[in-house]
Amino acid sequence: MHSPSSSDLPIPQCHPTEVLVKAEAVATNAVDWKIYAGHLPHDLPIVLGCDIVGEISEVGSSVTGFTIGDSVYAIVSGYTQQQLTGMQSMLKTGRVASHLRHRGYQNYYVPVLPRMIFKVPECISDELAAIFGGSLFTAATAVFKSLGFRYPIRSSAPAVGAFAIQILRASHVEVTAVCSAKNFDYVRSLGASHVIDYGAGDVVKQVEEQGLRFRIAFDAISSNETCNACVDIVGEGGKVANVPSLEALRRPNIDLVHTNVDAEFLSSLIGAWIPKA
């Protein structure tokens, strides 16, 4: 896979509806490695990088609420409207369209729509803030949109599953988490009431042996193996939210919901919920 060097792309111009962000830290999103590994066919050339954090260096003429040289950083998700259009092309053509202006692995500036930005407190490091975007947005979309839970009034790391546990607990839901044994204490500290060790053998069998019953599951990993396990666990009449589109795993009488982060939903999170959370 070819990625253009910095000499192939000019420093982007800031459109009236955008801001330019000088990237200080870039996270590797699950989407990035899945594209790189060929799981999500993508038009070439391509620049990866969905989640960055940095300082606003230019503000478009029609943008309000942000200024150059803010004392706080803005975390910028790669899920701009343009990239969402690219994801929509995946559903129609089986390939993701490239939008090189809006990717994070660039040497200089990344243009971003204001609706995809929220300010990060100075007490949070760039590196930590950079991983909030994709993980938090994906977890929140799965919990609030795909599974239909209500927004908690307030919520308080990183990774989609960790965010999902905290969001669900804030929504007064009892959570059972599947993780490695070494992370039991950490996952419990996030709010999980029960934990299952995926390293101890068949997770579906463990659930049955412990007499546990579930009707709703969130597959934060979303491989064929994990999605099949979730579908087996919830059984007929159950509901599973997953991250990528694993349409081939759909079964009769089980609601398999694909978690697609869209611009309108992100805007509601960023504007109304994330700053308070």
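Just so we're clear, the structure is a prediction, and the values are computed from it rather than from any experiment.

Rules used throughout
- Residues numbered from 1 in each chain as written.
- Predicted model: local features only at pLDDT ≥ 70, side-chain atom pairs only at ≥ 80, totals over all residues.
- Heavy atoms only, no water.
- Helix = DSSP H or I, 4+ residues; strand = E, 2+ residues; numbered from the N terminus.
- Buried < 20%, exposed > 50% of the residue type's maximum accessible area, 1.4 Å probe, protein only.
- Areas by Shrake-Rupley, 256 points an atom, 1.4 Å probe, with all protein chains shown as cover.
- Core = buried A, V, L, I, M, F, W, Y, C linked by side-chain atoms within 4.5 Å.
- Domains from an automatic or database assignment.
- Patch = residues over 30% accessible without salt bridge, like charges linked within 9 Å, V, L, I, M, F, W, Y side chains within 5 Å.
- Salt bridge = Lys/Arg side-chain N within 4 Å of Asp/Glu carboxyl O.
- Lys, Arg positive; Asp, Glu negative; His and termini not counted.
- Charge placed at Lys NZ, Arg CZ, Asp CG, Glu CD.
- Pairing = 2+ DSSP bridges.
- Axes fitted to C-alpha atoms, helices over the stretch in contact; angles between N-to-C directions.
- Contact = heavy atoms within 4.5 Å.
- pLDDT = per-residue confidence, 0-100.
- Polar contact = N/O pair within 3.5 Å; in protein donor to acceptor, adjacent residues only side chain to side chain.

### Brief notes about the overall build of the protein chain
Part 1 of the argument: Along the backbone of the protein chain there are nine helices and 10 strands.
Part 2 of the argument: Among the 277 residues that make up the protein chain, the fraction classed as buried is 47%.
Part 3 of the argument: A total of about 13,900 Å² of accessible surface is found on the protein chain, and carbon and sulfur atoms cover 54% of it.

### Description of the nonpolar core
Part 1 of the argument: Phe-144, Ile-167, Leu-269, Trp-273 and Ile-274 are the most contacted members of the largest nonpolar core, which totals 51 residues.
Part 2 of the argument: Three or more residues apiece are contributed to this core by two domains, here domain 1 (19–132) and domain 2 (136–263).
Part 3 of the argument: With nine residues, the next largest nonpolar core counts Ala-217, Cys-227, Cys-230 and Ile-254 among its residues.

### Some thoughts on a negative patch on the surface
Part 1 of the argument: On the surface, Asp-202, Glu-208, Glu-209 and Glu-225 cluster together into a negatively charged patch.
Part 2 of the argument: Its location among the elements puts Glu-209 in helix α7 (residues 203–209).

### A look at the sheet that holds strand β9 (residues 239–242)
Part 1 of the argument: Strand order in the open sheet made by the three strands is β8-β9-β10, with parallel pairing throughout. Unpaired on one side and paired on the other, β8 (216–219) and β10 (255–258) mark the two borders of the sheet. This sheet shows a mean twist of 15° between the axes of neighbouring strands, independent of strand direction.
Part 2 of the argument: Relative to β10, β9 is paired through four bridges, and the arrangement is parallel. Paired with Ala-241 across the strands is Val-257, a residue of β10.
Part 3 of the argument: Lying on the sheet, helix α8 (residues 224–234) is in contact with β8, β9 and β10; it crosses β8 at an angle near 175°.

### Section: the confidence of the model for the protein chain
Part 1 of the argument: Mean pLDDT for the protein chain: 77, with 74% of residues reaching 70 or above.
Part 2 of the argument: Note on residues 71–83: pLDDT is under 50 here. Beyond four places in sequence and across chains, it has 64 contacts.
Part 3 of the argument: For the stretch residues 153–158, pLDDT sits under 50, and the model shows 17 contacts to residues farther than four places along the chain or on other chains.

### Notes on helix α5 (residues 160–170)
Part 1 of the argument: Within α5, eight of the 11 residues are buried, leaving the element largely enclosed by the surrounding structure.
Part 2 of the argument: Among all positions in α5, only Val-160, Ala-162, Phe-163, Ala-164, Ile-165, Gln-166, Ile-167 and Leu-168 are buried.

### A closer look at the side chain of Asp-219
Part 1 of the argument: Locating Asp-219 in the fold gives a position in strand β8.
Part 2 of the argument: Side-chain polar atoms of Asp-219 contact the backbone nitrogen of Ile-221, separated by 3.2 Å.

### Quick look at the pattern of salt bridges
Part 1 of the argument: Under the defined criterion, the tally for this structure stands at two salt bridges.
Part 2 of the argument: For Arg-188, the salt bridge identified is with Asp-185, shortest N-O distance 3.9 Å. Of the two residues, Arg-188 and Asp-185 are both situated in helix α6 (residues 184–190); the distance of three residues between them amounts to about one turn of the helix.
Part 3 of the argument: For Asp-185, a relative accessible area of 62% gives the class exposed.
Part 4 of the argument: Of the charged contacts, one joins Asp-232 and Arg-251 as a salt bridge, the two residues approaching to 2.6 Å between their closest N and O atoms. One end of the pair, Asp-232, is in helix α8; the other, Arg-251, is in the loop between β9 and β10, and 19 residues separate them in sequence.

### Structural notes on the side chain of His-258
Part 1 of the argument: Considering the arrangement of structural elements, one finds His-258 in strand β10.
Part 2 of the argument: Overall, the relative accessible area of 18% leaves His-258 in the buried class.
Part 3 of the argument: A polar atom in the side chain of His-258 sits 3.0 Å from the side chain of Asn-242.

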